[in-house]
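Each chain, written out:
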Amino acid sequence: MALLEIKDLHASVADKPILKGINLTINPGEVHAIMGPNGSGKSTLSNVLAGNEAYEKTAGQVLFDGLDLDELAAHERACAGMFLAFQYPVEIPGISNMYFLKAAVNAVRKYRGQEQLDAMDFLDLVEDKKKVVKIRDDLLERAVNSGFSGGEKKRNEIFQMAMLEPKLGILDETDSGLDIDALRIVSDGVNALRGPDRGFLVITHYQRLLDYIVPDFVHVLVKGQIVKSGGKELALELENEGYASWVGEEGV
Amino acid sequence: MDLKLLRDRAENAFRENGFPTSRDELWRFTDVSPVAAAAFDGAWKPADIPFVPLGSVVAVFENGKLSLEKSNLDGLPAGLHVGSIMDQADERLGSLADAQSAFVSANTAYFSDGLHIQADDGVQVDEPIHLVFLADADGMAFHVRNLISCGAGSKLTVVEEYIGGADDSAYWTNAVTEVFVGDEGTVDHYKVQRESGGAFHFQTIEASVGANAVFSNHAITIGSRLGRNDIRGKLTGEGGEAVCNGLYLLKDRQLFDTHMFMDHAVPQCNSHELYKGILDEKARAVFCGRILVQQDAQQTDAVQSNKNLLLSRGAKVNTLPQLEIYADDVKCTHGATVGELDEQALYYLQTRGIDPAAGHAMLTFAFANEVLDEVKCRPAKAHIEKLVHEWLDQVSA
């Protein structure tokens, strides 16, 4: 069974149509990259998949692990195994990262019919995942994303992904605002999480990220539609030629 | 000044001027006529209210009177003196709080008990001194007067906790606390107000902060039907620091007013104020924060913020942050917000598997908890967090 099956997806933001018929299938173990210029609908796609209520799906169907996404609220999608790494992770003063992570892990475990982790088991899990994604202890003790640098926020996203062990990881422009070192650390984390049962949808504007997270498939999203799909070499082609042949000289 | 003269003068001022009205600029959002109209002729009785001591040094006041039986003031560290204010002559009484308002005048005129705490120079006490004011005598007025004196290089942690009975008894707490922080000294002061639902509660806290000294105050308000905190700090020595944070959690038809005044009189001092409020039903809050930076107070660093979260359409906040700056080399910011929970943060929690109801509760707690970030006294922090959780559980129930 496909992990994610998007069929003729249309979506609007504030009554303005953004996605105009997306078709995409991701199987377990595959990494798909979606590339596109600004305004092509990349973030809309990730938000519609994750269940952001500010985005309205107007037509089509999305099956996640065989479940119709229309039937699942945002938190249920997360519990069912979808993870969205935010382009702009939200700061939450007043709640420590550890407290937040424990609440999230136990919410997901409850939904999946697993036992709740107590404080000791949770700390063991944190230690375990720190081997996958390196994160400083003080970032775990501080309030969620509060006062974190851009790189620290993105690393925190990947650490959360490691903790929640999703079936599908969606990375929404994870490379934006990262320097080369941070990019490498974040990519190493994602690569360590790749596996035969897990799929990834990597959304990016630039080819650079795909040097580090090498995709199996690349799709070009322009004006709300996938206009071309191919292997990883398509990313290089785009890097050399840009999006001009699809969007015209005037841009989007 | 001679204490008797001071008290006579205060009584005359109170008799002459009476209570403020809404025509008075400093009281225009807070109508105290219910206090003015009440008789306060109730009779004293022992208070029957449970409490949890936050340390081994505890001073318990039963309906306004220090109860040596319920207190524990034995075995104090050398250089720390704690006792009833009626037993300790201190010429500084009234030098900070004299007659700023009708409430202070009434307190100076009529106070009949309170705590006097003195740490001699160089005496550092880590354990909190817990003042517990138990009140359930209907129709009584409690004019409580406290004086906290921290010597040069000394350290004190003081928690004032006002606890009312569960019976909504109607009484009036009218407290004044004067705090003297000597050079290089540290006073970590907490006020937890959970009076009965029928109570009036007014307190003025006046602090004078010496050179390189630190005064920190956290004021947590949960109780009383009508009340106000006047929290006033004066930075009198270079390198002084004042932190005044607060949290008010209000519901029903509660009205609580916070007036903050921070006076930067000398250079190179910092003051930080973070006040947050959560209001439900038809509750009302008033926040007025005024920072005065005098002409000599160069290199002042002052930050003030008041943020409010409204859980109901009937709740209301009047917030007035004010800066008054006469020096030119200063860093001062202030801001105020009134709003609802951040939708984007709720969505973020949802994408991590946390359902909307749990996310709502978590963000509401987070909103309040930010005020406690700087709380150093662990027993006080744990106690306040528990009270916040209890309040939030009641509101969401």
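Here, every reference points to the structure presented above.
Computed from a predicted structure; not experimentally measured.

## Some remarks on the packing of aromatic side chains
All names here are of chain B.
Step number 1: In the structure shown here, the tally under the stated rule is 17 aromatic pairs over all chains.
Step number 2: Summarising the aromatic geometry, the rings of Phe40 and Phe200 are spaced 6.3 Å apart at their centres and angled 80 degrees between planes, so their arrangement reads as edge-to-face. With Phe40 in the loop between helix H2 (33-37) and strand E1 (57-62) and Phe200 in strand E10 (residues 200-209), this pair connects stretches of sequence that are 160 residues apart.
Step number 3: Plain terms: the ring middles of Phe133 and Tyr162 are 4.4 Å apart, the flat faces sit at 10 degrees to each other, and that makes the pair stacked. Separated by 29 residues along the polypeptide, Phe133 in strand E5 (residues 129-135) and Tyr162 in strand E7 (residues 155-164) bring together distant segments of the chain.
Step number 4: Assessed through its relative accessible area of 5%, Phe133 is described here as buried.
Step number 5: One aromatic cluster in this structure is built from Phe14, Phe19, Trp27, Phe40, Phe103, Tyr110, Trp172, Phe200 and Phe202.

## Some words on the environment of Gly223 of chain B
All names here are of chain B.
Step number 1: Within the secondary structure, Gly223 sits in the loop between strand E11 (214-221) and strand E12 (226-235).
Step number 2: Under the relative-accessibility criterion, Gly223 is labelled buried at 7%.
Step number 3: Taking C-alpha positions, Gly223 is 25 Å from Asp24, a pair spaced 199 residues apart along the chain.
Step number 4: Residues contacting Gly223, with those up to four places away along its chain left out, are Gln193, Arg194, Glu195 and Gln254.

## Points about the pattern of salt bridges
Residues and elements named next belong to chain A.
Step number 1: Scanning all chains against the criterion turns up 32 salt bridges over all chains.
Step number 2: Between Lys130 and Glu127 there is a salt bridge whose closest N-O contact spans 3.0 Å. In this pair, Lys130 and Glu127 are both assigned in helix H4 (residues 119-130), three residues apart and thus about one turn of the helix distant.
Step number 3: Asp137 serves as the salt-bridge partner of Lys130, at 2.5 Å between the closest nitrogen and oxygen.
Step number 4: Judged by relative accessible area, which is 17%, Lys130 ranks as buried.
Step number 5: Judged by its relative accessible area of 47%, Asp137 falls in the partly exposed class.
Step number 6: Via salt bridges that share partners, Arg136, Asp138, Arg142 and Glu152 belong to a single interconnected network.

## Side note on the sheet that holds strand E14 (residues 255-264) of chain B
In a beta sheet, neighbouring strands are held together by backbone hydrogen bonds and run either parallel or antiparallel to one another.
Residue and element names in this part refer to chain B.
Step number 1: Spatial ordering of the open sheet is given by E3-E4-E6-E8-E10-E12-E14-E16-E18, a layout of nine strands whose pairing is mixed. Each end of this open sheet is capped by a strand with a single partner; those strands are strand E3 (80-84) and strand E18 (316-325). Along the sheet, successive strands turn relative to each other by an average axial angle of 5 degrees, direction set aside.

Rules used in this analysis
- Residues numbered from 1 in each chain as written.
- Chains lettered and ligands numbered in written order.
- Predicted model: local features only at pLDDT ≥ 70, side-chain atom pairs only at ≥ 80, totals over all residues.
- Heavy atoms only, no water.
- Phe/Tyr/Trp six-rings, centres within 6.5 Å; stacked < 30°, edge-to-face > 60°.
- Helix = DSSP H or I, 4+ residues; strand = E, 2+ residues; numbered from the N terminus.
- Buried < 20%, exposed > 50% of the residue type's maximum accessible area, 1.4 Å probe, protein only.
- Contact = heavy atoms within 4.5 Å.
- Salt bridge = Lys/Arg side-chain N within 4 Å of Asp/Glu carboxyl O.
- Pairing = 2+ DSSP bridges.
- Axes fitted to C-alpha atoms, helices over the stretch in contact; angles between N-to-C directions.

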